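Each chain is listed here by its residues.
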Amino acid sequence: MERIKLAIKKAKDGEADSKKSDSRLLRGGRAPDPSTAGRKAESGDLGSLQYVQTAVVSLEPEHLDRHRIIAHQKAHPSSWAFDVLRTQVLQKMDENGWRTLAITSPSVESGKTVVAINLAMSIAQQTNRTALLVDFDLRRPSVARYLGLKRPLSLNDYLDGQVGIAEAMVNPGVERLVVLPTNSPVFGASEVLSSDKVGNLISELRERYSDRIVIFDLPPVLAADDVMTVLPRIDCVLMVVASGVSTQNEVEEAMNRLSKADLLGVVLNKDEAPTQNAYY
Ligand SMILES: Nc1ncnc2c1ncn2[C@@H]1O[C@H](COP(=O)(O)OP(=O)(O)O)[C@@H](O)[C@H]1O
Ligand SMILES: [Mg+2]
């Protein structure tokens with residue numbers, strides 16, 4: 001709990017300066033290599049037995065840089081932070097047999113989506129793992145936008161019963177990484193997240209491959225009851241607290257609401273002078 005206290009204190013300290021940012025996440029770098037894109041088939045609609053090859057797309061390096069998606073570049077000056085986070089997360093998950101991870105924060109604009117995408121990319125770099133990133137921020141989905149994905153099909157179509165889950169998935173040109181994007185906000189997000197359909201989907205995604213880590217990008221804890229609704233179905237949770245974004249009260253209230261969940265740790269984001277400890 002010491003780290004959580006530290007994060008809360010830092011969040012409080014950060015209130016005075018809401019413009020802080022980690023400049024190291026702003027620098028440019030190399031592109032992902034589409035030639036090494038994974039070709040692993042993602043199969044299975046829950047109801048029907050259909051097997052479809054996951055679509056592979058290549059991403060634009062400048063677009064990724066602009067959105068602070070950098071973990072696929074080993075040479076990037078900030079990628080170490082996500083590798084440290086990855087190792088700590090995977091050790092704790094392995095110890096407990098956990099395979100699904102929720103990422104949330106007290107309030108919006110904390111960097112959840114940036115952390116979720118970079119962490120998924122970092123996990124996928126381990127040759128004995130695969131990562132699946134699911135956009136469950138159904139009110140404000142942004143994974144597709146940050147990655148620059150312009151796929152016609154997404155989780156929206158699966159939820160509407162139009163397609164099987166495999167058709168909604170995409171490999172974004174990074175080996176061993178699959179993304180399940182959400183293209184547009186979902187009406188009745190909380191009810192959708194508590195539905196049997198989503199419950200079965202989470203179980204299916206968790207059970208299909210034992211080497212797979214499934215990361216769910218969730219809304220903020222305090223925004224609505226979405227997180228409380230879906231957390232009991234996800235093994236563990238990582239809280240992203242941004243310096244200068246959430247107040248101390250918001251961080252404490254968010255922690256209270258997560259009291260029944262298995263909290264892996266707190267990522268302190270947007271810190272002015274990040275250190276290895278400050279990131280986790
Ligand atoms: N470490 C960071 N330093 C500076 N800006 C950041 C950092 N992490 C995220 N951001 C920016 O903050 C904004 C919100 O990030 P986002 O991941 O969309 O937050 P959330 O998903 O919590 O709403 C985005 O413009 C993002 O680029
Ligand atoms: Mg987000």
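Up top is the structure.
Residues numbered from 1 in each chain as written. Chains lettered and ligands numbered in written order. Predicted model: local features only at pLDDT ≥ 70, side-chain atom pairs only at ≥ 80, totals over all residues. Heavy atoms only, no water.

1. Some remarks on the overall build of the protein chain
What the protein chain contains, in helices and strands, is 12 helices and 10 strands. The burial tally for the protein chain puts 56% of its 280 residues in the buried class. Within the protein chain, contacts between residues separated by at least 24 positions form 81% of all contacts whose residues are at least 6 apart in sequence. In the form shown here, the protein chain has an accessible surface area of approximately 12,100 Å², with 48% of it arising from carbon and sulfur atoms. (Helix = DSSP H or I, 4+ residues; strand = E, 2+ residues; numbered from the N terminus. Buried < 20%, exposed > 50% of the residue type's maximum accessible area, 1.4 Å probe, protein only. Contact = heavy atoms within 4.5 Å. Areas by Shrake-Rupley, 256 points an atom, 1.4 Å probe, with all protein chains shown as cover.)

2. Examining the site of ligand 1
With respect to spatial proximity, 15 residues lie near ligand 1, and among them Arg 68, Lys 112, Tyr 146, Asn 269 and Lys 270 are the closest. The separation between an oxygen atom of ligand 1 and a polar main-chain atom of Glu 109 is 2.9 Å. Backbone polar atom of Val 114 to an oxygen atom of ligand 1: 3.0 Å apart, as the coordinates give it. When the free accessible area of ligand 1 is taken as 570 Å², the share hidden by the protein chains comes to 90%. Looking at the shell around ligand 1 residue by residue, the class counts come to four nonpolar, five polar and six charged. (Near = heavy atom within 4 Å. Polar contact = N/O pair within 3.5 Å; in protein donor to acceptor, adjacent residues only side chain to side chain. Nonpolar A, V, L, I, M, F, W, Y, C, P; charged D, E, K, R; others polar.)

3. A closer look at the side chain of Ser 110
On the secondary structure map, Ser 110 appears in the loop between β4 (100-104) and α4 (112-124). Those residues in contact with Ser 110, other than ones at most four positions away along the chain, are Ser 105, Val 240, Ala 242, Val 245, Ser 246, Asn 269 and Lys 270.

4. Description of the pairing of strand β7 (residues 177-180)
Side-chain alternation along β7 places Leu 177 and Val 179 on one buried face and Val 178 and Leu 180 on a second face that is also buried. Two elements, strand β5 (residues 130-135) and β7, share four bridges in a ladder whose sense is parallel. Counted as the bridge partner of Leu 132 is Val 178 from β7. (Pairing = 2+ DSSP bridges.)

5. Regarding the pattern of salt bridges
Taken as a whole and assessed by the stated rule, the structure comprises 11 salt bridges. Close ionic contact of Asp 226 with Arg 139 constitutes a salt bridge, the shortest N to O distance being 2.6 Å. Placement of Asp 226 in helix α10 (residues 226-230) and of Arg 139 in the loop between β5 and α5 (143-147) is noted, with a sequence separation of 87 residues between them. We classify Arg 139 as partly exposed; its relative accessible area is 41%. Through salt bridges with shared partners, one network takes in Arg 99, Arg 206, Glu 207 and Asp 235. (Salt bridge = Lys/Arg side-chain N within 4 Å of Asp/Glu carboxyl O.)

6. Comments concerning the packing of aromatic side chains
Applying the stated criterion across every chain, the model contains one aromatic pair. Over the ring of Tyr 158 we find Lys 197; its NZ or CZ atom is 4.6 Å from the centre of that ring. (Phe/Tyr/Trp six-rings, centres within 6.5 Å; stacked < 30°, edge-to-face > 60°. Lys NZ or Arg CZ within 6 Å of the ring centre and 35° of its normal.)

7. Observations regarding unusual backbone geometry
At Glu 109, a position not held by glycine, the phi torsion is positive, near 65 degrees. If you check the backbone angles, Arg 176 has positive phi at about 65 degrees while not being a glycine. As for its position among the elements, Arg 176 is in the loop between β6 (170-171) and β7.

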